[in-house]
Amino acid sequence: MALKAQVLYDFSAEPGNNELSVRQGETVTVIDQDVGGGWIAAQNSRGQRGLVPEGYLQMGGGGDSWSGGGASVSHADGWDGGGASRSQQVPDDDDDDGEWDDDWDDQSVSSYHGNGQVEEDGGASGRGAHGHSVKISLNKFPFSKGPSPEVFLLSKPPANSRDRLPVYMGEVGPVWLYPTSPLDCVIADPKKESKLYGLKSFIEYQITPNTTNRPVNHRYKHFDWLYERLLEKFGSVLPIPSLPDKQVTGRFEEDFIRMRMERLQAWMTRMCRHPVVSQSEVFQLFLTYKDERDWKLGKRKAEKDEMVGPMMFSLVEPEAAELDAVQVEQRCEQYSRFTKTMEDGVRELLNVGHTHWKRCTGPLPKEYERIGRAFRNLSTVFISSKYPGEETLTDALTAAGKTYEEIAQIVAEQPQKDLHFLLETNSEYKGLLGCFPEIMTVHKAAVDKVKEADRLVSTGKITSSDRKSMSQRISCMSYSLQAEMNHFHSNRIYDYNRVMQFYLQQQVTFYQQIADKLREALSHFATL
């Protein structure tokens, strides 16, 4: 008897990609479960055949469900670069959350999902720019797989680890050791590639680091793997912002590829600028692997890395004495208040920018167009009078009308030139700010445990030596936290200074362009 499956979500096939469009509640016949890449070959009731994402199907029409990429929980609002908010969409072949299916990764383990739980949310999913979307959780708990901060406080230090994280006292307090030659990379030359004998296609990007000037190629799925590894390893210590959205359909459209590449570039640039992330072995592997074998070995080594989560604090090496606990607590409270108010400010700017974008691309250009048409219509009326010598006025009115129609076009195009960059930067910081509460929670949990140390000593649960070790280790955590605070502030000042300069320069050019056109229109009347 043929195996049946019930469709959980609507799916629109990508033209020319051997996919099958299905609708929620429909029953299909499973033809091949072993296609790979998170896909299943199926046939609908009309005899049409094609590939369907496995996460969209429930085997047996209500029996055991498969663990593909179709599960979901809520996701924070974002910016789509075109003036519209968006929801994160379910994975496509490039974005699924199962095992990798290309030749490099035939034995790869599944991606890490924090607490390992996913929830179905088919009914609440909205429709994005290219079809139905299913929201995916970004609320990954960074230390759920690794040891708790309490375990770190009493754990044995790693033996001869070469991945030390030195922290120095600078003018603003604890700071990370920054490399003498800053790392950077360029993402370019996206190309459409295929696999499974041409059945499935994906976009591959070329990444060139400035350290080697030798390009390496990666799919979006590879970026997703890197994100998961960085989150697992550093998520208790550093903010690891999320990647750009995943998407089901329209992934081969030129605008989508351009926008995704731009956002991947911004994400990689921010990771390159971090002195800890950029020098980590897994990040260097991503940028500098030599061949498939080198990549595969490095990938498996990274997936088996046990120095993750709060255990990363054991690598911190402060150059100064232990920090004063009271001062640290005060600074943490101040920083928490600052990040909360900054997050509110970023959200407000995104909302205002979103509204302004819609106005600039919608009603405002139409208003200028109506003014222009009114001038030209009036010119036509004046011409009908046949009064001698009126041509100069009617020509000037026609030119004024044309000017306002040209201004309408300038207004509609302007947000992409200046507001886009401002909103993209704020979206990045919204993601960064969303990471800090968990980082602060890890630190506070450790501080609370150290405060109990005297009672634990008195009850014989730990020794006085353990108590001293806990104080030293919480100091290491405090050093790293303050170093990260200072890194965030220095980047914030640099980024907002740069983005505001660019925005205002573009605004000046924008208004100068309009003023020049109005002066030209005025000049036609000056001869009357």
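In this text the structure is predicted, and so the values were computed from the model without any measurement.

K.L.:
Can you help me understand the packing of aromatic side chains in this one?
P.N.:
To describe a pair of aromatic rings, one takes the distance between the centres and the angle between the planes. All chains considered together, the criterion is met by 17 aromatic pairs. Between Tyr 368 and Tyr 404, the aromatic rings sit 6.1 Å apart at their centres with planes inclined by 25°, giving stacked as the arrangement. Remark: Tyr 404 occurs in helix H8 (residues 391-417) and Tyr 368 occurs in helix H7 (residues 363-383); sequence separation between them is 36 residues. Tyr 404 sits in the partly exposed class, given a relative accessible area of 21%. On the numbers, 4.8 Å between centres and 65° between planes, the contact of Phe 510 with Tyr 511 is edge-to-face. The class for Phe 510 is buried, based on a relative accessible area of 8%.

K.L.:
Help me understand the sheet that holds strand E11 (residues 200-209) in this model?
P.N.:
By way of backbone hydrogen bonds, the strands of a sheet pair with one another, either parallel or antiparallel. Spatially, the three strands line up as an open sheet ordered E10-E11-E12, and their pairing is antiparallel. Where the open sheet ends on each side, the last strands, each with one partner, are strand E10 (185-195) and strand E12 (216-219). When strand polarity is set aside, the average angle formed by the axes of neighbouring strands in this sheet is 30°. Where E11 lies against E12, four bridges are found, and the strand directions are antiparallel. Within E12, the position partnered with Glu 204 by the bridge is Arg 219.

K.L.:
Would you explain the environment of Arg 214 in this entry?
P.N.:
Mapped onto the elements, Arg 214 comes out in the loop between E11 and E12. In this structure, the C-alpha to C-alpha distance between Arg 214 and Lys 290, residues 76 residues apart in sequence, is 9.4 Å. Other than its neighbours up to four places away in sequence, Arg 214 contacts Ile 207, Thr 208, Pro 209, Thr 288, Tyr 289 and Lys 290. At 2.9 Å, the side chain of Arg 214 forms a polar contact with the backbone oxygen of Tyr 289.

K.L.:
In this structure, what is going on with unusual backbone geometry? I would like to understand it.
P.N.:
What you tend to see is this: most non-glycine residues have negative phi, and most peptide bonds are trans. Phi at Asn 213 takes a positive value of approximately 55°, unusual for a residue other than glycine. By the secondary structure assignment, Asn 213 is in the loop between E11 and E12.

K.L.:
Teacher, can you tell me more about helix H5 (residues 292-303) here?
P.N.:
Each α-helix winds once per 3.6 residues, and so residues spaced three or four apart point in a common direction. With 12 residues, H5 should reach 16 Å at 1.5 Å per residue; the first-to-last C-alpha distance of 16 Å fits that figure. Looking at H5, one finds that the buried residues are Trp 295, Gly 298, Lys 299, Ala 302 and Glu 303. For H5, the buried positions fall inside an angular range of 135° around the axis, keeping them on one side. Residues of H5 that are buried in the fold lie against E12, helix H2 (220-234) and helix H4 (281-288). The distance from a side-chain oxygen at the start of H5 to the backbone nitrogen of Arg 293 is 3.2 Å, and the residue carrying that oxygen is Asp 291.

K.L.:
Help me understand the confidence of the model for the protein chain, please; the structure alone is not making it clear to me.
P.N.:
Close reading of the predicted structure is inappropriate where its pLDDT is low. On average, residues of the protein chain carry a pLDDT of 81, and 78% of them reach 70 or more. For residues 62-93, every residue scores under 50 in pLDDT, and the model assigns this stretch 125 contacts once sequence neighbours within four places are set aside. Every residue in residues 95-147 scores below 50 in pLDDT, and together they form 144 contacts with partners more than four places removed in sequence or on other chains.

K.L.:
Whenever I open this one, the sheet that holds strand E13 (residues 316-318) confuses me. Can you help?
P.N.:
Spatial ordering of the open sheet is given by E9-E8-E13, a layout of three strands whose pairing is mixed. The open sheet has two edge strands with one neighbour each: strand E9 (173-176) and E13. The mean angle between the axes of side-by-side strands here comes to 35°, regardless of whether they run parallel or antiparallel. Inspection of the sheet shows strand E8 (residues 165-170) paired to E13 by three bridges, in the parallel sense. When the sheet's bridge partners are listed, Leu 165 is paired in E13 with Val 316.

K.L.:
Which parts of the structure should I look at to understand the pairing of strand E1 (residues 4-7)?
P.N.:
The side chains of a regular strand alternate, first on one face of the sheet and then on the other. Along E1, the buried face is formed by Ala 5 and Val 7; none of Lys 4 and Gln 6, which line the opposite face, is buried. Inspection of the sheet shows E1 paired to strand E5 (residues 57-59) by three bridges, in the antiparallel sense. Within E5, the position partnered with Gln 6 by the bridge is Gln 58.

Cut-offs and rules
Residues numbered from 1 in each chain as written. Predicted model: local features only at pLDDT ≥ 70, side-chain atom pairs only at ≥ 80, totals over all residues. Heavy atoms only, no water. Phe/Tyr/Trp six-rings, centres within 6.5 Å; stacked < 30°, edge-to-face > 60°. Helix = DSSP H or I, 4+ residues; strand = E, 2+ residues; numbered from the N terminus. Buried < 20%, exposed > 50% of the residue type's maximum accessible area, 1.4 Å probe, protein only. Pairing = 2+ DSSP bridges. Axes fitted to C-alpha atoms, helices over the stretch in contact; angles between N-to-C directions. Contact = heavy atoms within 4.5 Å. Polar contact = N/O pair within 3.5 Å; in protein donor to acceptor, adjacent residues only side chain to side chain. Expected span 1.5 Å × (residues − 1). Arc of directions from axis to C-beta. pLDDT = per-residue confidence, 0-100.

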